[in-house]
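As a plain string of letters, each chain reads:
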Amino acid sequence: MGVADDRRFEVLRAIVADFVATKEPIGSKVLVERHNLGVSPATIRNDMAVLEAEGYITQPHTSSGRVPTEKGYREFVDRIEQVKPLSSAERRAILSFLETGVDLDDVLRRAVRTLAQLTRQVAVVQYPTLSASTVRHLEVIALTPARLLLVVITDSGRVDQRIVELGDTIDEHQLARLRELLGVALEGKKIPAASVAVADLAGHLGGQPGMANSLSDAVGRSATVLLETLVEHSEERLLLGGTANLTRNAADFGDSLRSVLEALEEQVVVLRLLAVQQEAGKVTVRIGHETEVEEMAGTSVVSTAYGSLGTVYGGMGVLGPTRMDYPGTIASVAAVASYIGEVLGTR
């Protein structure tokens, strides 16, 4: 569409707004009655004919109104000049709800629930990607003289607990020394660097003169367990909420609802969609076939990244039919992502 076609875009925008609200194909008579477009009904009919010829709208049935195509939604989204922000009351409610989460799991569960309620779509949040996180603290707790509990806490609020079975007992002095060695190696380092550091620690201290065999054994066994914890897992975890919202809009999917639900169960598919967006604060909208997932052809995905202080922890967003309130959804996704990062960044 060029500058000369601005009036036709106003017609397209009206068709999108009405179709999203009513689920019914939109005719020229309805546009005249509902919208002050400043032109005659004949002109609107002509504009609709041009929009249809150019692929922005289509006629699903003979003698019916028109509905937007994927190309029409794309044009509409690309020309959204201003996204209506959430109200102050809505923003305060979201932040308050997320802040009262007791831990990372609770915060993310609350975020998914909030986003699904705000958008009436399926909400998805990726757990913080381990490689982007920094080790904030390592705690070493003696459960018995020959059994340890290692607790790794990252800056994203992720907490991993692992048991270490020792080959020999260690005393309080050796426990304090082990805690110091592991803390120096790990704390304040990004996960990849921490993994290298703990591996180096085990190698350097393995045959060090003067170190008690029991402490050397404890360092080696702890390092082995920590490496299994710190190395990035190939399959990240996702939280989904509001899946039932898809059935509320079943008519939008026709016969493809089953395939959409099956694709949601394949977490790798959703992770791939979220991974495209790696810049916090920037919202990406993929419509229909733009998802490049055959089973998702009738859906749109609105996604962004969340994080704190310039570090991206993971992706999040919503999935729903292409007949979606794009301005409202974009605003909700951006707001919830911002608040997740804020809450996790202060913990």
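This text follows the structure it describes.
Since this is a predicted model, take the numbers as computed values, not measurements.

Caption draft 1: Region of the structure containing the overall build of the chain. Within the chain, the regular secondary structure consists of 14 helices and ten strands. Whereas a compact globule of 347 residues would reach a radius of gyration of roughly 20 Å, the chain reaches 27 Å, over 25% beyond that. Along the first, second and third principal axes, the C-alpha atoms of the chain reach 95 × 40 × 35 Å. Within the chain, the fraction of its 347 residues that count as buried is 49%. Within the chain, counting contacts between residues at least 6 apart in sequence, those at least 24 apart form 61% of the total. Accessible surface, the chain as shown: approximately 16,600 Å² in total, 51% of it carbon and sulfur.

Caption draft 2: Structural detail: the packing of aromatic side chains. For the coordinates displayed, the defined rule picks out two aromatic pairs. Arranged with centres 6.3 Å apart and planes meeting at 75°, the rings of Tyr306 and Tyr313 form a pair that is edge-to-face. Lying over the aromatic face of Tyr56, Lys71 brings its terminal NZ or CZ to 4.6 Å of the ring centre. Stacked on the ring of Phe97, the Lys or Arg Arg110 has its end atom at 4.7 Å from the ring centre.

Caption draft 3: A look at the packing of helix H7 (residues 172-186) against helix H9 (residues 213-230). Where H7 contacts H9, the axes come no closer than 11 Å and their chain directions differ by 40°. As far as their axial angle goes, H9 and H7 are oblique. For H7 against H9, the interelement crossing comes out right-handed. The segment H7 lies against H9, with Gln174, Arg177, Leu178, Leu181, Leu182 and Leu186 engaging Ser214, Leu215, Ala218, Val219, Ser222, Leu226 and Leu230.

Caption draft 4: Highlighting the pattern of salt bridges. This structure, assessed with the given rule, holds 17 salt bridges. A salt bridge links Glu290 to Arg74; its shortest N-O distance comes to 2.6 Å. Here Glu290 is found in the loop between strand E8 (284-287) and strand E9 (299-308), whereas its partner Arg74 is found in helix H4 (residues 70-78), with 216 residues between them in sequence. On the basis of relative accessibility, which here comes to 32%, the residue Glu290 falls in the partly exposed class.

Caption draft 5: Quick peek at the packing of helix H6 (residues 104-119) against helix H14 (residues 326-345). Relative orientation of the contacting elements H6 and H14 amounts to 165°, with a least axis distance of 10 Å. Classed by the angle they form, the pair H6 and H14 counts as roughly antiparallel. Seen from above, H6 lies across H14 with right-handed handedness. Contacts from Leu104, Val107, Leu108, Ala111, Thr114, Leu115, Leu118 and Thr119 of H6 reach H14 at Thr329, Ser332, Val333, Val336, Ile340, Val343 and Leu344. Taken together, the residues that form the contact of H6 with H14 break down as eleven nonpolar, four polar and no charged.

Caption draft 6: Looking closely at the nonpolar core. Ranked by internal contacts, the top residues of the largest apolar core, which has 52 residues, are Leu31, Leu108, Tyr306, Met316, Tyr326 and Ile340. In terms of residue count, the dominant contributor to this core is H14 (ten residues). If we ignore the near neighbours within four places in the chain, the residues touching Leu31 are Val11, Ala14, Ile15, Asp18, Ile26, Leu37, Ile44 and Met48. Residues Leu138, Leu166, Leu182 and Val219 belong to the second largest nonpolar core, which totals 27 residues.

Caption draft 7: The arrangement of the sheet that holds strand E6 (residues 159-165) in detail. Pairing in this open sheet of three strands is antiparallel, and the strands run E4-E5-E6 from one edge to the other. In this open sheet, the two strands that pair with only one neighbour each are strand E4 (135-144) and E6. Direction aside, the axes of adjacent strands within the sheet are offset by 20° on average. The pairing of E4 with strand E5 (residues 147-154) spans eight bridges and is antiparallel. What sits directly across from Glu139, in E5, is Val151. Helix-sheet contacts for H7 involve E4 and E5, and the interaxial angle to E4 is about 160°.

Caption draft 8: Representation of the sheet that holds E9 in the model. With respect to topology, five strands assemble into an open sheet ordered E7-E3-E10-E9-E8, the strand pairing being antiparallel. Strands at the two margins of the open sheet, each flanked by one partner only, are strand E7 (238-241) and E8. Strand-to-strand twist of the sheet, defined as the mean angle between neighbouring strand axes without regard to direction, takes the value 20°. Pairing of E9 with strand E10 (residues 311-321) involves ten bridges; the strand directions are antiparallel. In the strand pairing of E10, Gly307 is matched with Val312.

Caption draft 9: Structural detail: the environment of Ser195. Position of Ser195 among the secondary structure elements: in helix H8 (residues 191-205). With relative accessibility at 12%, the residue Ser195 sits in the buried group. Along the backbone, Ser195 and Gly345 are 150 residues apart, and their C-alpha atoms lie at a distance of 23 Å.

Caption draft 10: Expanded view of a nonpolar patch on the surface. On the surface, a cluster of nonpolar side chains totalling about 230 Å² of accessible area is made up of Ile141, Leu143 and Ile163. The residue Leu143 is located in strand E4 in this model.

Caption draft 11: Local environment of unusual backbone geometry. Located in the positive-phi region is Lys23, a residue other than glycine, with phi close to 70°. Note that Lys23 resides in the loop between helix H1 (6-22) and helix H2 (28-34). Although it is not a glycine, Glu292 sits at a positive phi angle of roughly 60°.

The rules we used
Residues numbered from 1 in each chain as written. Predicted model: local features only at pLDDT ≥ 70, side-chain atom pairs only at ≥ 80, totals over all residues. Heavy atoms only, no water. Helix = DSSP H or I, 4+ residues; strand = E, 2+ residues; numbered from the N terminus. Rg over C-alpha atoms; globule rule 2.2 N^0.38 Å. Buried < 20%, exposed > 50% of the residue type's maximum accessible area, 1.4 Å probe, protein only. Contact = heavy atoms within 4.5 Å. Areas by Shrake-Rupley, 256 points an atom, 1.4 Å probe, with all protein chains shown as cover. Phe/Tyr/Trp six-rings, centres within 6.5 Å; stacked < 30°, edge-to-face > 60°. Lys NZ or Arg CZ within 6 Å of the ring centre and 35° of its normal. Axes fitted to C-alpha atoms, helices over the stretch in contact; angles between N-to-C directions. Parallel < 35°, antiparallel > 145°, perpendicular 65-115°, else oblique. Left-handed = near helix turned anticlockwise from the far one by under 90°. Salt bridge = Lys/Arg side-chain N within 4 Å of Asp/Glu carboxyl O. Nonpolar A, V, L, I, M, F, W, Y, C, P; charged D, E, K, R; others polar. Core = buried A, V, L, I, M, F, W, Y, C linked by side-chain atoms within 4.5 Å. Pairing = 2+ DSSP bridges. Patch = residues over 30% accessible without salt bridge, like charges linked within 9 Å, V, L, I, M, F, W, Y side chains within 5 Å.

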